[in-house]
Amino acid sequence: MHSENLRWETLGALKNSPKGKLKYSPDWLEKGEDILAGCVEVSSLSPLSGQILKRLSPRPRLNTCSLTSCVRDTSPGLSEEGSFPVSPRQISSPVSIRAEEDEQKKAEEIKEAPAASVSSPPAMSILSPRATQMAGCILMCEHKHKAKAKAELSLRLEQQERLVATVSSCESEQLKRFEELMELKQRQEYQSMRDMMEKETQESLGRQEKMREEHRHRMKILNLRLREAEQQRLREAELERQRQVEGRERHRAINAIQEEVLQLNQLLQPRPSTQTDSALDHTPYITRGNQLCSQVSEVVPASADGQYPSVEDLNVAERALQEMRSLVRNLQDEVTQAVERKRKEQEEEEEEKKRHEELKAQQEEQQKNAARSAKEKARKQGLQTGADDSTLKWYNALQDSAARCAQAFDELSTAKDTQTKKLKMELQKAATTPVSQIANISGAPLKEAFEKIDKLLSGRPVTSAGKTVSTSQHPQGLEFVSYKLAEKFVKQGEEEVASNHSAAFPIAAVASGIWELHPAIGDLILAHLHKKCPYAVPHYPPMERGTSVEDYQKILGYRVDDSKVEGQDSFLKRMSGMIRLYAAIIQMRWPYTGKQGPHPHGLNQGWRWLAQILNMEPLADITATILFDFLEVCGNALMRQYRGQFWKLILLIIEEYFPRIEAVTSTGQMGSVTRLKQFLETSLRTKQIPAHRSELGSAFFKS
């Protein structure tokens, strides 16, 4: 048993030898390689083979040859005897490959066992008999394994041939079935293609029919659109023709206007007969005339470039023509006045001096009488509680006039149709917008606002918010515009002047100029002012029987919203604004009218108002407020006009009227009383009331 194990160890070592490690591949023959090409090295036994032989046989060693030489001599013989032709099928036989792999594993095990346990001794040079016996056993084992491998390879070859024949027949049958299946699929695909083509043909015919219907429908729509386009083209051509006709008309009109403007500009040049009059200055007229000519000339070249002038260009030219005519008329009036002035200078100077002296004497007498009567009434009879009869009559007449004016445009204000309502809104905007644009900036914007209002009241067309409107478009347009314009002037005093005291003078300048040219506007301004501020009359309306408290508060000037009366501070602020506007109106004159007549509502009315206030019992808070506002705005003008009489009136206020104001004023209302007292004392001490800081001078209107 021990010997058998040693043999197996020997075989394992052989397996691990270089020959035992040969790798067999089925592709050697195809590549032209030899099966045993890897075994070209000379085989040699391990130096430990002597020890193995001692265990296997007790025969004496051979001293004639070395183990190494023996192995070298026998290895070629073994390789030659063990070599045999191998076919590709034998090489690829799995049985032979498996047998060879087993042999290699055993040889490796035998080779690894001695290598792991024993270290390499020096090589042996003499082969013993036991080694020779071992070599013979190895050769016999190799022959045995080779025969066994050859038999297994033959068996494997036969099995492989049978398998190949079987697989070939199966593959042939499968190929036939596959060809039959492919032929069936081709027939089915051909049939489905025919069916699909027939279906697509039917669908194509249907689509073609549908497209024909759509084409006919689109042709109808296209013909209809072509007819509409042709009609639109004809309409546009007609509109273009009309536009060209209107443009040519406007072009001719602008040319005629330019010709007339140039002719009128020639009339502005000074004539020899007027050059000697140094008082008549043509320079402003010539400058403005040249500006108007340039303005018209700027419009004409734009229309001469193949484009027709617009309606706005024509309006600009017409406005320039109207202003040029106005300049010529004003110049002619001044020339006429200059001639008359030159011819009657001496007579007019004498008459004017005489009238002035008589008027001055009358005014002084009236002032003395008024001051005397006020003083006597204050001393003896006490003061009035309301306005006198003449003042009330004047007040009622103004209110009746305003009511008649409002009734005159009742049809326009209550119109229901859209066109009339639109006209009403445009007229109201044209009347109120220029008043809202009045500001204390310079004279040019002020003059522009004045001219717009004057044109509207004169029935000429004006442009407002990009639209042209005129009072002549409706029979009641002038009354409506007059009423709304006067209402707007008073509202500006109530709101704008109340918040900004410096706004009183520019608004008053425009209002007095409009008042001078259109006296009816002045009456309406007074009516609205007296209705909102009865203290401008002056008038303290008594509470009549049957009048509710809310209605009486409205009569006194208070605002009542939803049975809620406004606060005293707000009320005094609004009254102050309207009194300041009134005080500015009576002293302001519009510098561009050229009229030399008296002010339509001048300083004599201010003197009347002041005397009437002093003849009435003072009211708490309100009397001190309106007296201070009136004197601060208008005191300087009254001082220059009435001089000594004015200071007598101031002294009367301080000595006799002011104690009455203090008597009716409570402790919480002393602010306005203190301001009035300081103003009166300072004015009386310095004998001077300075002009208001916002008063407009001549330099303002030249800017």
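All of these numbers come straight from a predicted model, not from anything done at the bench.

## Let's talk about the overall build of the protein chain
Then comes step 1: Regarding its fold elements, the protein chain presents 25 helices and four strands.
Then comes step 2: The 703 residues of the protein chain split such that 37% are buried.
Then comes step 3: Of all intrachain contacts in the protein chain linking residues separated by at least 6 positions in sequence, the fraction that spans at least 24 positions is 79%.
Then comes step 4: Counting every atom, the protein chain has about 41,900 Å² of accessible surface; 52% of that belongs to carbon and sulfur.

## Some words on the confidence of the model for the protein chain
Then comes step 1: With 76% of its residues at a pLDDT of at least 70, the protein chain reaches an overall mean of 78.
Then comes step 2: A low-confidence stretch, residues 59-97 stays under pLDDT 50, and its non-local contacts, those more than four residues away or across chains, total 75 contacts.

## Points about the nonpolar core
Then comes step 1: Ranked by internal contacts, the top residues of the largest apolar core, which has 99 residues, are Phe489, Val510, Tyr535, Phe630 and Phe646.
Then comes step 2: Excluding residues that lie within four positions of it along the chain, Tyr535 makes contacts with Tyr540, Leu556, Phe571, Met575, Ile579, Trp609, Leu619, Ile622 and Ile626.
Then comes step 3: Ile254, Leu292, Val299 and Met324 belong to the second-largest nonpolar core, a separate cluster that totals 19 residues.

## Re the environment of Lys554
Then comes step 1: In this fold, Lys554 is placed in helix α19 (residues 549-556).
Then comes step 2: Taking the relative accessible area as the measure of exposure, Lys554 reaches 44% and is therefore partly exposed.
Then comes step 3: The sequence separation of Lys554 and Val565 amounts to 11 residues, and the corresponding C-alpha distance is 8.8 Å.

## As for the packing of aromatic side chains
Then comes step 1: Applying the stated criterion across every chain yields a total of 10 aromatic pairs.
Then comes step 2: For the pair Phe409 and Phe480, a centre-to-centre distance of 5.3 Å together with 80 degrees between the ring planes defines the contact as edge-to-face. Within this pair, whereas Phe409 is found in the loop between α12 (389-408) and α13 (410-413), its partner Phe480 is found in helix α16 (residues 477-499), the two being separated by 71 residues in sequence. We note that Phe409, like Phe480, is buried.
Then comes step 3: Three or more aromatic residues link up through ring pairs in this structure, and these residues are Tyr535, Tyr540, Tyr558 and Phe571.
Then comes step 4: The ring of Phe628 carries the charged tip of Arg675 above its face, separated from the ring centre by 6.0 Å.

## Examining the pattern of salt bridges
Then comes step 1: Considering all chains together, one arrives at 25 salt bridges under this definition.
Then comes step 2: A salt bridge links Arg216 to Glu213; the shortest N-O distance between them is 2.0 Å. One end of the pair, Arg216, and the other, Glu213, are both in helix α7 (residues 129-267), three residues apart, so they sit about a helical turn from each other.
Then comes step 3: Its relative accessible area of 41% is what places Glu213 among the partly exposed residues.
Then comes step 4: One salt bridge in this structure joins Lys452 and Glu448, with 4.0 Å as the shortest N-O distance. Separated by four residues within a single helix, Lys452 and Glu448 lie in helix α15 (residues 443-457), roughly one turn from each other.
Then comes step 5: Taking the relative accessible area as the measure of exposure, Lys452 reaches 30% and is therefore partly exposed.
Then comes step 6: Salt bridges here are not isolated pairs; linked through shared partners, they connect Glu494, Lys532, Arg559, Glu566 and Arg574.

## Remarks on a nonpolar patch on the surface
Then comes step 1: Residues Leu175, Phe178 and Met182 make up a contiguous nonpolar surface patch of about 280 Å² in total accessible area.
Then comes step 2: Turning to its location among the elements, Phe178 is positioned in helix α7.

## Comments concerning the packing of α15 against helix α17 (residues 504-517)
Then comes step 1: One can describe the packing of α15 onto α17 by two numbers: an axis separation of 10 Å at closest approach and a directional angle of 30 degrees. With respect to each other, α15 and α17 are oriented roughly parallel. For the pair α15 and α17, the sense of crossing is right-handed. For the pair α15 and α17, contact is made by Leu446, Phe450, Ile453, Asp454 and Leu457 and by Pro506, Val510, Gly513, Ile514 and Leu517, respectively.
Then comes step 2: Of the residues assigned to the contact of α15 with α17, the class counts are eight nonpolar, one polar and one charged.

## Observations concerning unusual backbone geometry
Then comes step 1: The step from Val537 to Pro538 runs through a cis peptide bond, and the omega angle for that step is 0 degrees.
Then comes step 2: Locating Pro538 in the fold gives a position in the loop between α18 (519-532) and α19.
Then comes step 3: Phi angles above zero are rare outside glycine, and Asp621 is one such case at about 75 degrees.
Then comes step 4: Relative to the helices and strands, Asp621 resides in the loop between α21 (603-614) and α22 (622-642).
Then comes step 5: According to the relative accessible area criterion, Asp621 is buried, its value standing at 9%.
Then comes step 6: Phi is positive for Arg643, close to 50 degrees, though the residue is something other than glycine.
Then comes step 7: With respect to the helices and strands, the residue Arg643 is situated in the loop between α22 and α23 (644-664).

## With respect to the packing of α12 against α18
Then comes step 1: Where α12 contacts α18, the two axes come as close as 9 Å, and the packing angle between them is 110 degrees. It follows from the interaxial angle that α12 and α18 lie roughly perpendicular. In contact with Trp394, Tyr395, Leu398, Gln399, Ala402 and Cys405 of α12, α18 contributes Asp523, Leu524, Leu526, Ala527, His530 and Lys531.
Then comes step 2: Tallied by class, residues from the contact of α12 with α18 come to eight nonpolar, two polar and two charged.

## Observations concerning α16
Then comes step 1: When the terminal C-alpha atoms of α16 are compared, their 32 Å separation across 23 residues agrees well with the 33 Å that a helix rising 1.5 Å per residue should span.
Then comes step 2: At Gly493, α16 shows its strongest bend, of approximately 30 degrees.

## Quick word on the state of the cysteines
Then comes step 1: All chains considered together, the criterion is met by zero disulfides.
Then comes step 2: The thiol of Cys137 is not disulfide-bonded; the next cysteine sulfur, from Cys141, is found 9.0 Å away.

## Considerations on the environment of Ile585
Then comes step 1: The residue Ile585 is located in helix α20 (residues 568-585) in this model.
Then comes step 2: Along the sequence, Ile585 and Ala511 sit 74 residues apart, while their C-alpha atoms lie 7.1 Å from each other.
Then comes step 3: If near-sequence neighbours (up to four positions away) are discounted, Ile585 is found in contact with Ala508, Ala511, Ser512, Trp515, His599 and His601.

Parameters at a glance
Residues numbered from 1 in each chain as written. Predicted model: local features only at pLDDT ≥ 70, side-chain atom pairs only at ≥ 80, totals over all residues. Heavy atoms only, no water. Helix = DSSP H or I, 4+ residues; strand = E, 2+ residues; numbered from the N terminus. Buried < 20%, exposed > 50% of the residue type's maximum accessible area, 1.4 Å probe, protein only. Contact = heavy atoms within 4.5 Å. Areas by Shrake-Rupley, 256 points an atom, 1.4 Å probe, with all protein chains shown as cover. pLDDT = per-residue confidence, 0-100. Core = buried A, V, L, I, M, F, W, Y, C linked by side-chain atoms within 4.5 Å. Phe/Tyr/Trp six-rings, centres within 6.5 Å; stacked < 30°, edge-to-face > 60°. Lys NZ or Arg CZ within 6 Å of the ring centre and 35° of its normal. Salt bridge = Lys/Arg side-chain N within 4 Å of Asp/Glu carboxyl O. Patch = residues over 30% accessible without salt bridge, like charges linked within 9 Å, V, L, I, M, F, W, Y side chains within 5 Å. Axes fitted to C-alpha atoms, helices over the stretch in contact; angles between N-to-C directions. Parallel < 35°, antiparallel > 145°, perpendicular 65-115°, else oblique. Left-handed = near helix turned anticlockwise from the far one by under 90°. Nonpolar A, V, L, I, M, F, W, Y, C, P; charged D, E, K, R; others polar. Expected span 1.5 Å × (residues − 1). Bend = angle between axes of the 7 residues up to and from the residue. Disulfide = S-S within 2.5 Å.

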